[in-house]
Amino acid sequence: MSIYSKLVSLILILLMVAQVAISLHANSVKSEREEGGKEYVDFSILSVDWNQSEFTANFSIETGGTPEGIFQVAAIPFLKPGNGASASSGIQERTIYLYFDYQYYSSEISQPMWLALADHIFIELSNRGYSAERITPVNASELRTAMEQDPEGVAIIPSGVLPDTIYPEGNATFIRNWLSGGGCIVWLGDMFGYYVGQSGVPLDYANDMNPGEAGHMSILGRPLIYLSENRDRYASIETPISSALCIKYPYTAKGASLFLLNNMGGEAIGKTSEPNKEVSVAYVPVGNGSAVIFGYGVYNWDGGAASDIAQLAWSGALDRNAMRSGASSMSVSIKPGEKVFSNITVAVDETIGGVQLVAFSKDSWNILYEKHYFDRND
């Protein structure tokens, strides 16, 4: 192992220790609140009101013994479900499959960073209360099996390279059919669908077996990404859902064109850039499913990408009925021991069947992640 690899491994271990400490602190704060202790954060919904054009929720946030904090409250409207599904069932947690395989290579993200990202996503989801039985680490062969057995799962592939188990012999049919049936791929790294890796074989960028720029078109059905020397590398313009959920990921170098994304009926759920209108995180509908494509990889570790992926999955923003462009949000600052009352409003019409409220801390010392779904008939 090289000195660089040893250093990266040490840094990743320290990151993991820090995240476990944060997770333990979150559980401690929760216990304090439940037992009436001094250190707690309490978010309460006091009342909700529906009319023809608006949904309003009145809420309070109270802290005890914690430092001054800033909290985000967001409201995401959801379309009335089709196919006879019940709106009152709320937003169901989908099983998340975290892909990592030592035998496969990555692109635009190093293998140590890939492993760290997968581990960090697991921790971030756990901190948000996502059910542990709904988070499953998988290798390349297990990923194929999971997709075959779970038509509506979420496959997180943060390696920038598709394993040949799900893209065999340059054939996109398996992935496309799975997405069309209701599955979701969350992608990070090199251009979506550009490279396909084989077990134990170093990635050969010049290999004719790689789908290249046609890869994402074969999966998605239409072009989404183009390469140009003038592509923006960073995006800073917020979208309604990126602002609501505090999505931070800024990179666009291998990401979607907003023009092409709109032509596909997709939407930017991260930030966009000027003047070329590139997208840092894109939501692409594919039949009854979707692909969520981050615009690049991870080099300088800060945990932001993992937090963003967990935030999107936990909040319900990956659901096909979520009206991401209609989300509203607000920030609330609270002093130690203070209780603040406020309300949040989001526009609705006759197509909206429910609203999901999410509340979370924007700082690292106050731990709050709560969500509440309100059916229109409530």
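All values derive from a computational prediction rather than experimental measurement. (Residues numbered from 1 in each chain as written. Predicted model: local features only at pLDDT ≥ 70, side-chain atom pairs only at ≥ 80, totals over all residues. Heavy atoms only, no water.)

A.B. asks: Is there a simple way to think about the packing of helix H2 (residues 111-127) against helix H8 (residues 304-315) in this case?
C.D. replies: Packed helices, taken two at a time, are described by the angle between their axes plus the distance between the axes. Where H2 contacts H8, the axes come no closer than 8 Å and their chain directions differ by 45°. It follows that H2 is oblique to H8 by the angle criterion. Read as a crossing pair, H2 and H8 show a hand that is right-handed. Along its contact with H2, which presents Leu117, His120, Ile121, Glu124 and Leu125, the element H8 presents Ala305, Ala306, Ser307, Ile309, Ala310 and Ala313. Grouping the constituent residues of the contact of H2 with H8 by class yields eight nonpolar, two polar and one charged. (Axes fitted to C-alpha atoms, helices over the stretch in contact; angles between N-to-C directions. Helix = DSSP H or I, 4+ residues; strand = E, 2+ residues; numbered from the N terminus. Parallel < 35°, antiparallel > 145°, perpendicular 65-115°, else oblique. Left-handed = near helix turned anticlockwise from the far one by under 90°. Contact = heavy atoms within 4.5 Å. Nonpolar A, V, L, I, M, F, W, Y, C, P; charged D, E, K, R; others polar.)

A.B. asks: Would you explain the side chain of Ser315 in this entry?
C.D. replies: Among the secondary structure elements, Ser315 is positioned in helix H8. Polar side-chain contacts of Ser315 include one of 3.3 Å to the backbone oxygen of Leu312. Those residues in contact with Ser315 that lie beyond four places of it in its chain are Ile76, Leu245, Gln356 and Val358. (Polar contact = N/O pair within 3.5 Å; in protein donor to acceptor, adjacent residues only side chain to side chain.)

A.B. asks: How do you make sense of the sheet that holds strand S11 (residues 281-286) when you look at a structure like this?
C.D. replies: Sheet strands pair by backbone hydrogen bonding; their relative direction is either parallel or antiparallel. Across the sheet, seven strands lie side by side as S5-S4-S6-S8-S12-S11-S10; this open sheet has mixed pairing. Looking at the sheet topology across the chains shown, the edges are occupied by strand S5 (135-138) and strand S10 (267-268). Alignment of S11 against strand S12 (residues 289-294), held across six bridges, turns out to be antiparallel. Its bridge partner being in S12, Tyr283 is matched across the sheet by Val292. Contacts from H2 reach strand S4 (96-99), S5 and strand S6 (154-157) within the one sheet, and its direction differs from that of S4 by about 155°. (Pairing = 2+ DSSP bridges.)

A.B. asks: Just to check I follow, could you spell out the sheet that holds strand S13 (residues 328-334) for this structure?
C.D. replies: The four strands lie next to each other as S13-S3-S15-S16, forming an open sheet whose pairing is antiparallel. Strand pairing shows two members of the sheet lacking a second neighbour, S13 and strand S16 (369-375), which therefore form its edges. Between one strand axis and the next, the sheet turns through 15° on average, direction left out of account. For strand S3 (residues 69-79) and S13, the ladder comprises seven bridges, and the chain directions are antiparallel. What sits directly across from Phe71, in S13, is Val332. Each of S3, strand S15 (352-361) and S16 is contacted by H8, which is oriented at about 140° to S15, the strand it contacts most.

A.B. asks: Would you mind showing me how to read the pattern of salt bridges here?
C.D. replies: Under the defined criterion, the tally for this structure stands at seven salt bridges. Across the pair Lys254 and Glu108 runs a salt bridge whose closest N-O atoms are separated by 2.9 Å. With Lys254 in the loop between helix H6 (240-245) and helix H7 (258-263) and Glu108 in the loop between S4 and H2, this residue pair connects regions lying 146 residues apart in the sequence. Glu108 shares its class with Lys254; the two are buried. Arg320 serves as the salt-bridge partner of Glu152, at 4.0 Å between the closest nitrogen and oxygen. (Salt bridge = Lys/Arg side-chain N within 4 Å of Asp/Glu carboxyl O. Buried < 20%, exposed > 50% of the residue type's maximum accessible area, 1.4 Å probe, protein only.)

A.B. asks: Hey, could you run me through the side chain of Asp150 in this one?
C.D. replies: Residue position: Asp150 is located in the loop between helix H3 (140-149) and S6. Of the side chains with opposite charge, Arg134 comes closest to the buried, unpaired Asp150, at an N-O distance of 5.6 Å. When near neighbours in sequence (up to four residues on either side) are disregarded, Asp150 contacts Thr95, Tyr97 and Trp178. (Lys, Arg positive; Asp, Glu negative; His and termini not counted.)

A.B. asks: It is not clear to me how the packing of aromatic side chains should be interpreted in this structure. Could you clarify?
C.D. replies: Pairs of aromatic rings are described using the distance from one ring centre to the other and the angle between the two planes. Tallied over the entire structure, the rule returns 16 aromatic pairs. Judged by centre distance (6.1 Å) and plane angle (75°), the ring pair of Phe78 and Tyr373 falls under edge-to-face. With Phe78 in strand S3 and Tyr373 in strand S16, this pair connects stretches of sequence that are 295 residues apart. By relative accessible area, which is 1% here, Phe78 ends up buried. Ring plane angle 85° and centroid distance 5.2 Å describe the contact between Tyr249 and Tyr251, whose orientation is recorded as edge-to-face. Judged by relative accessible area, which is 4%, Tyr249 ranks as buried. Following the ring pairs from residue to residue traces out a cluster consisting of Tyr234, Tyr249, Tyr251, Phe294, Tyr296 and Tyr299. A cation sits over an aromatic face here: Arg144 above Phe174, 3.8 Å from the ring centre. (Phe/Tyr/Trp six-rings, centres within 6.5 Å; stacked < 30°, edge-to-face > 60°. Lys NZ or Arg CZ within 6 Å of the ring centre and 35° of its normal.)

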